[in-house]
Amino acid sequence: MDADSDVALDILITNVVCVFRTRCHLNLRKIALEGANVIYKRDVGKVLMKLRKPRITATIWSSGKVICTGATSEEEAKLGARRLARSLQKLGFQVIFTDFKVVNVLAVCNMPFEIRLPEFTKNNRPHASYEPELHPAVCYRIKSLKATLQIFSTGSITVTGPNVKAVASAVEQIYPFVFESRKQIL
Amino acid sequence: MASTSRLDVLPRVTCPNHPDSILVEDYRAGDMICPECGLVVGDRVIDVGSEWRTFSNDKATKDPSRVGDTQNPLLNDGDLTTMIGKGTGAASFDEFGNSKYQNRRTMSSSDRAMMNAFKEITNMADRINLPRNIVDRTNNLFKQVYEQKSLKGRSNDAIASACLYIACRQEGVPRTFKEICAVSRISKKEIGRCFKLILKALETSVDLITTGDFMSRFCSNLGLPKQVQMAATHIARKAVELDLVPGRSPISVAAAAIYMASQASAEKRTQKEIGDIAGVADVTIRQSYRLIYPRAPDLFTADFKFDTPVDKLPQL
């Protein structure tokens, strides 16, 4: 029962979340009035700015911290964050692009076989948790990589982790276990 | 004759002739007696026996030798508090008709929240007629979680409900989240969250639920005879073995199996009725039923008496 090499599996990164600081206080009202493509959430105290080019949504706080979501790769995330900082600079703020960090990466992977979830949970007791009443997927946590995988019975796997490398190695790690509990087509 | 069992056995007196001998206490007479020579060494020792005699044919409700409520040492660490009870005579009420000494005195403030939770757990368990052993297990789980303090911010009722759910699972008689929801004021989402947190905090895990766990309860609630229940159990088990219903919750599969079995027998039940009892939407039953319908002949046992033959089963 040799496990296939994962060269054939393509991992699709659907979302990269990153944060950065502008090192200056931002006047949200000014951004809301003069910025393009912005939504001002006054009750919470933040501005949402959407960019078209790398399709990105940024949440801007008045303290100068910005959270950037929607990018499809780490480079794109950095590019989008820089573009955003530039547009804030054009509005007149003394922006310094610091502390850029990728916080979360969400990826999807499809196995070419279906998976038997009860069997999989029994074999991977402490790491896997399956509650069919609450969620139809098995939640498998890899502590060392700080990654969480959601394994569905159709064979599709959703991985979230701190960076793209962790996500890739998480998929590599899980492949043999999932391969064991696959549904054989008769 | 009672003998002392404390470690600091020699109080302050010893027998002059036998300084090493351990004195025996005679509580009736209030004496300390040396067992070697019989000398009465201590005198006027306080009697710790009953204040008055009790006879076995007296009313069992009032036991005059008891001086407190039943202790719950496993769960409370103590319970040595004094409360002022409600007055009985006329003198206990002041001018306006209010009772004097209104305040019953706060009791065991450190465990007040815990005692409240135990009361809530007993109430919830009562509503679904759970036996005492499950309630005790729930109380123990709650105590462990409470002492750990890792879930301190969560509502106590939510933690209690989740503990009840875990206890039922651990005892081998799982209740669905919806059933626990029905007797608790907490939403299913919150109970589910607390459930996961508690498993993490106590570092335990629970077995997976199977379709068979719920069959007897659902079938009795629907008033189905034993043969239908056995048939439904068999159908559900077979369906899971053949993996006809991947990714479906065992409750939905059980409900669909009950539907199929009841429709094949004389005691037919509608999807709505089954959905009501199981807490499953009737479209969900329909979906699961559609998955098991094609293999219907294989799922029934060989010796099942069909009121409606297999090919005439409703097709939804």
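Residues numbered from 1 in each chain as written. Chains lettered and ligands numbered in written order. Predicted model: local features only at pLDDT ≥ 70, side-chain atom pairs only at ≥ 80, totals over all residues. Heavy atoms only, no water.

- Under an unreviewed UniProt entry, chain B has the name Transcription initiation factor IIB and belongs to Sphenodon punctatus.
- What UniProt records for chain B under Sequence similarities (unreviewed entry) is the sentence "Belongs to the TFIIB family."
- Here is the UniProt Catalytic activity (unreviewed entry) comment for chain B, exactly as written: "L-lysyl-[protein] + acetyl-CoA = N(6)-acetyl-L-lysyl-[protein] + CoA + H(+)". (UniProt positions renumbered as here; feature names shortened; annotations may be inferred.)

- As annotated in an unreviewed UniProt entry, chain A carries the name TATA box-binding protein-like 1 and is attributed to Sphenodon punctatus.
- Regarding chain A, the relevant UniProt record gives this comment under Sequence similarities (unreviewed entry): "Belongs to the TBP family."

**Regarding the overall build of chain B**
Right, on to step 1. A count of helical and extended segments in chain B gives 12 helices and 3 strands.
Right, on to step 2. Burial status across chain B gives 37% buried among its 316 residues.
Right, on to step 3. For chain B, the proportion of contacts with a sequence separation of at least 24, taken over those separated by at least 6, is 57%.
Right, on to step 4. Total accessible area on chain B is roughly 19,400 Å²; 49% of this is exposed by carbon and sulfur atoms. (Helix = DSSP H or I, 4+ residues; strand = E, 2+ residues; numbered from the N terminus. Buried < 20%, exposed > 50% of the residue type's maximum accessible area, 1.4 Å probe, protein only. Contact = heavy atoms within 4.5 Å. Areas by Shrake-Rupley, 256 points an atom, 1.4 Å probe, with all protein chains shown as cover.)

**Notes on the overall build of chain A**
Right, on to step 1. Helix and strand content of chain A: 4 helices and 10 strands.
Right, on to step 2. Its helices and strands taken in sequence order, chain A reads β-α-β-β-β-β-α-β-α-β-β-β-β-α from the N to the C terminus.
Right, on to step 3. On C-alpha atoms alone, chain A measures out to a radius of gyration of 20 Å, which is more than a quarter above the 16 Å that the 2.2 N^0.38 rule sets for 186 residues.
Right, on to step 4. The C-alpha extent of chain A, read off along each of the three principal axes, is 65 × 35 × 30 Å.
Right, on to step 5. Burial status across chain A gives 42% buried among its 186 residues.
Right, on to step 6. Within chain A, counting contacts between residues at least 6 apart in sequence, those at least 24 apart form 59% of the total. (Rg over C-alpha atoms; globule rule 2.2 N^0.38 Å.)

**Here's the deal with the sheet that holds strand β1 (residues 24–26) of chain B**
All names here are of chain B.
Right, on to step 1. Pairing in this open sheet of 3 strands is antiparallel, and the strands run β1-β2-β3 from one edge to the other. The sheet is open, and its two edges are formed by β1 and β3 (40–42), each paired on a single side. Within the sheet, the average angular offset between the axes of one strand and its neighbour, ignoring direction, is 45 degrees.
Right, on to step 2. For β1 and strand β2 (residues 31–33), the ladder comprises 3 bridges, and the chain directions are antiparallel. Bridge assignment links E25 to a residue of β2, and that residue is M32. (Pairing = 2+ DSSP bridges. Axes fitted to C-alpha atoms, helices over the stretch in contact; angles between N-to-C directions.)

**Structural notes on the sheet that holds strand β6 (residues 98–110) of chain A**
Residue and element names in this part refer to chain A.
Right, on to step 1. Strand order across the open sheet formed by 10 strands is β2-β3-β4-β5-β1-β6-β10-β9-β8-β7, with antiparallel pairing between neighbours. Sheet topology places β2 (38–41) and β7 (128–130) at the edges, where each strand pairs with a single neighbour. The average angle at which neighbouring strand axes cross in this sheet is 15 degrees, direction not considered.
Right, on to step 2. With 6 bridges connecting them, β6 and strand β10 (residues 156–161) associate as antiparallel partners.

**Section: helix α4 (residues 164–180) of chain A**
All names here are of chain A.
Right, on to step 1. Here α4 spans 25 Å end to end across 17 residues, near enough to the 24 Å set by a 1.5 Å rise per residue.
Right, on to step 2. The sharpest bend along α4 measures roughly 35 degrees and falls at I174, with the proline P176 sitting one to four residues further on.
Right, on to step 3. Where the residues of α4 are buried, they touch β1 (11–21), β6, α3 (117–123), β8 (138–142), β9 (147–151) and β10. (Expected span 1.5 Å × (residues − 1). Bend = angle between axes of the 7 residues up to and from the residue.)

**With respect to the environment of L197 of chain B**
Residues and elements named next belong to chain B.
Right, on to step 1. Along the chain, the position of L197 falls in helix α6 (residues 188–202).
Right, on to step 2. It is 35 Å that separates the C-alpha atoms of L197 and I292, two residues lying 95 residues apart in sequence.
Right, on to step 3. Excluding its chain neighbours within four sequence positions, the residues that come into contact with L197 are L151 and R154.

**Some remarks on the pattern of salt bridges**
Oppositely charged side chains are able to pair whenever their charged atoms sit close together.
Right, on to step 1. For the structure on display, the rule yields 19 salt bridges over all chains.
Right, on to step 2. Of the charged contacts, one joins R116 of chain A and D243 of chain B as a salt bridge, the two residues approaching to 3.6 Å between their closest N and O atoms. Taken as a pair, R116 of chain A in the loop between β6 and α3 and D243 of chain B in the loop between α8 (226–241) and α9 (250–264) lie in two separate chains rather than in one.
Right, on to step 3. Residue classification places D243 of chain B among the buried residues on the basis of a relative accessible area of 16%.
Right, on to step 4. Here D298 of chain B and R295 of chain B are joined by a salt bridge, their closest N and O atoms 2.8 Å apart. (Salt bridge = Lys/Arg side-chain N within 4 Å of Asp/Glu carboxyl O.)

**Overview of the pairing of β10 of chain A**
On a regular strand, each side chain points to the face opposite its neighbour's, so the side chains alternate between the two faces of the sheet.
Residues and elements named next belong to chain A.
Right, on to step 1. Of all 6 residues making up β10, 5 are buried, and the element is well covered by its neighbours.
Right, on to step 2. As paired elements, β9 and β10 share 4 bridges and run antiparallel to each other. Residue pairing across strands places Q150 opposite T158, the latter belonging to β10.
Right, on to step 3. Joining the antiparallel neighbours β9 and β10 is a turn of 4 residues, in which G155 adopts a positive phi near 105 degrees.

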